[in-house]
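Close look at the chain arrangement
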Amino acid sequence: MSLDSIIQKSVASIPECLAAGYVDISSGMLLSVRTVDSHPREVLDLVAAATADLYEGPNVRTIEQLFRRARGLPEGEGAHYFQEIIVNSENLIHVFMRGKRYPSYVMVFVCRRTANLGMALTKARLAMPEIEAAV
């Protein structure tokens, strides 16, 4: 299956999911996206750039360096501490998940705020291995 079709399948399986996108956080590019409504490309590109900032922004890098130093780990590239980030807005739940197989990529799922967060998170986690296998 292609990445696009697997993301579409994921959107259908996650409760009240409205959109999903796969982001290369090293470049800030949106590699694939599926939405139930049409959105301007500029909005989708801004979401991808914001996702990159969320995981690779200067403050996050500083925090990860401090964590590594506190744990006596080497300063270079290594484990990332922020794996999943959940953002609740007025009407939406945004679930950001860093890949385990490809940690430079983040999957973003956007659900209605009325979705059961636990179920949405569980279904999103279950979708990740199949998404990463399609890359």
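Notes on the structure follow.

Conventions adopted
- Residues numbered from 1 in each chain as written.
- Predicted model: local features only at pLDDT ≥ 70, side-chain atom pairs only at ≥ 80, totals over all residues.
- Heavy atoms only, no water.
- Core = buried A, V, L, I, M, F, W, Y, C linked by side-chain atoms within 4.5 Å.
- Buried < 20%, exposed > 50% of the residue type's maximum accessible area, 1.4 Å probe, protein only.
- Helix = DSSP H or I, 4+ residues; strand = E, 2+ residues; numbered from the N terminus.
- Expected span 1.5 Å × (residues − 1).
- Arc of directions from axis to C-beta.
- Contact = heavy atoms within 4.5 Å.
- Pairing = 2+ DSSP bridges.
- Axes fitted to C-alpha atoms, helices over the stretch in contact; angles between N-to-C directions.

**Overview of the nonpolar core**
Formed by 21 residues in total, the largest nonpolar core has its most connected members in I7, I14, M97, M107, F109, C111 and I131. When contributions to this core are tallied by element, the ones reaching two or more residues are α1 (3-13), β1 (17-24), β4 (92-98), β5 (105-112) and α4 (117-133). One finds V23, V33, Y55 and I85 within the second-largest nonpolar core, a separate group that totals 14 residues.

**Details of helix α3 (residues 58-70)**
End to end, α3 covers 18 Å across 13 residues, agreeing with the expected 18 Å (1.5 Å per residue, within 8%). Residues of α3 that are buried include every one of V60, E64 and R68, and no others. The buried residues of α3 occupy one face: seen down the axis, they fall within an arc of 75°. Along α3, exposed side chains directed more than 90 degrees from the buried face belong to P58, N59, R69 and A70. On the buried face of α3, the contacting elements are α2 (41-56) and β4.

**Quick word on the sheet that holds strand β3 (residues 84-88)**
The strand order β2-β1-β5-β4-β3 describes an open sheet built from 5 strands, whose pairing is antiparallel. A single partner strand is all that each edge strand has here, and the edge strands are β2 (29-35) and β3. Ignoring which end each strand starts from, the neighbouring axes of this sheet average 15° apart. Alignment of β1 against β5, held across 7 bridges, turns out to be antiparallel. Note on β5: the bridge partner recorded for C17 is C111. Where α2 meets the sheet, it contacts β1, β2, β3, β4 and β5, and its direction lies at approximately 125° from that of β2. Across the sheet, α4 is in contact with β1, β3, β4 and β5; its angle to β4 comes to roughly 35°.

Scope: geometric values only; no functional claims are made or implied.
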